[in-house]
Amino acid sequence: MKLSKYPYVVQNEILHNMNYCNLFELSLVSKKIRKLVKSSQMNRLRNTVSVMYDCCYLFGRPLVYLQYKEDNRMFYSRIFFSIPYEKRSILESIHNNLLYFFGNSVEYYWKTDNYKLPIPRLENLSVCTSMQIRTNSDMATVDNFFSSHPVLKSIELGYWAKESLSPESESKLYQAESIRISQYDRKLPPVLRNFQGKHATLDCYLCEASDLIEFVNRWKSGEAYQKLEYLKIRILREEFGIPLDETLNAIGAQHIDATRKPPTHTLPKLFIEYAFEPMTNPIISHSYVVRESDNRVASVLIEGKTLSFGVWDKTEEEFLSMVD
């Protein structure tokens, strides 16, 4: 079928009934076809949030899909399947094509759990990685991975080794915008103390209440965590529970009256791995702390072995005005 012989209205109807995969494959045929697809289908594509190159399957060959939003719900749609990793020209052609459609209006993610494969240098690409460090051999490979790449968007890390990463790698780890880490020893690496990003979820075996108190008080003083928006830390040790009153007193927590309903803190995740989990876990707490430097508020919720900490972009007065 020769698409160009039909009137524009018919062309548009044909394209509109194509799925995303066929639509983007067609756009690679020629510049003329690509221009036609863009002009006729951008209303359909305007809800796109991100482009994902998922290399966690198919032996590292990227599965490319769009993430888009409809009726306040997230969806995924595959557009390219199993791109040959070694054929960089094909990968670059696909990426440049996507840049033509979306430019800087969406995020471009490269997701991998294989830190032995190099990451391609593509425009506007953010790297999200999932890795396990169990031995010194793993650590050496991860050190090399971190040193070879700029700051990562998102890191999911299981850390079981008895030695620490190199100072350069630890620096890259702390600078990631979003991290999710499981670790046995709070000192290796000392993530809670040194994190510089926005969102953190930590599962830790040997964290103490004193570590949590130090974290909150350093945030309050403005000494650290200036970019932090959300943190959740869970203690995995069976016999441990966070002492509620002792911790709240030590951090100088203030309290909303128990008869009133506090506002709910939740934020869009910086990296959305699952369409059904686009937001951080909600924090609803009567306890909060105030940062001295700018009067910003953070909700503090302690439940058993878990501390949740949500920073508001509001002063104390503005925050309290939201209380029902």
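Residues numbered from 1 in each chain as written. Predicted model: local features only at pLDDT ≥ 70, side-chain atom pairs only at ≥ 80, totals over all residues. Heavy atoms only, no water.

Asker: What should I look at first to understand the overall build of the protein in this one?
Answerer: For the protein, the helix and strand inventory stands at ten helices and 15 strands. The C-alpha extent of the protein, read off along each of the three principal axes, is 75 × 55 × 35 Å. Each of the 324 residues in the protein was classed as buried or not, and the buried ones make up 48%. Counted over contacts in the protein with a minimum sequence separation of 6, partners at least 24 positions apart contribute 55%. For the protein, the computed accessible surface area is about 16,500 Å², with 48% contributed by carbon and sulfur atoms. Across the protein, the mean location of the 40 positive side-chain charges is 10 Å away from that of the 39 negative side-chain charges. (Helix = DSSP H or I, 4+ residues; strand = E, 2+ residues; numbered from the N terminus. Buried < 20%, exposed > 50% of the residue type's maximum accessible area, 1.4 Å probe, protein only. Contact = heavy atoms within 4.5 Å. Areas by Shrake-Rupley, 256 points an atom, 1.4 Å probe, with all protein chains shown as cover. Lys, Arg positive; Asp, Glu negative; His and termini not counted. Charge placed at Lys NZ, Arg CZ, Asp CG, Glu CD.)

Asker: Can you help me understand the nonpolar core in this one?
Answerer: Soluble globular proteins tend to bury their nonpolar side chains together. The biggest cluster of nonpolar side chains holds 81 residues, and the ones touching the most others in it are F24, L98, F102, L307 and F309. Non-local contacts of F309, meaning those with residues more than four positions away in its chain, are made with F215, V216, W219, L228, E229, Y230, L231, I283, V289, A298, S299 and V300. Formed by seven residues, the second largest nonpolar core is a distinct cluster that contains Y288, V290, F319 and V323. (Core = buried A, V, L, I, M, F, W, Y, C linked by side-chain atoms within 4.5 Å.)

Asker: How should I be thinking about a nonpolar patch on the surface in this particular structure?
Answerer: Together, W160, Y184 and Y205 make up an exposed nonpolar region whose accessible area comes to about 290 Å². Mapped onto the elements of the fold, W160 is located in the loop between β6 (154–159) and α6 (167–175). (Patch = residues over 30% accessible without salt bridge, like charges linked within 9 Å, V, L, I, M, F, W, Y side chains within 5 Å. Salt bridge = Lys/Arg side-chain N within 4 Å of Asp/Glu carboxyl O.)

Asker: Please clarify how the pattern of salt bridges should be interpreted in this entry.
Answerer: Charged atoms that come close allow side chains of opposite charge to pair. This model, assessed by the stated rule, comprises nine salt bridges. Note that E208 and R237 form a salt bridge whose closest N and O atoms lie 3.6 Å from each other. In this pair, E208 is assigned in the loop between β8 (199–204) and α8 (209–221) and R237 in the loop between β9 (230–235) and α9 (244–250), connecting sequence segments 29 residues apart. By relative accessible area, E208 is classed as partly exposed at 30%. Where salt bridges share partners, they join E107, K153 and E177 into one cluster.

Asker: Hey, could you run me through the side chain of T247 in this one?
Answerer: Its place among the elements puts T247 in helix α9. Residue classification places T247 among the buried positions, given a relative accessible area of 1%. Those residues in contact with T247 that lie beyond four places of it in its chain are A209, I213, I242 and I302.

Asker: Explain α6 here, please?
Answerer: What α6 keeps buried is the set S169, E170, K172, L173 and Y174. Of the surrounding elements, those touching the buried residues of α6 are α5 (136–147), β6, β7 (178–183) and α7 (191–194).

Without other data, these values stay purely geometric and don't point to any function.
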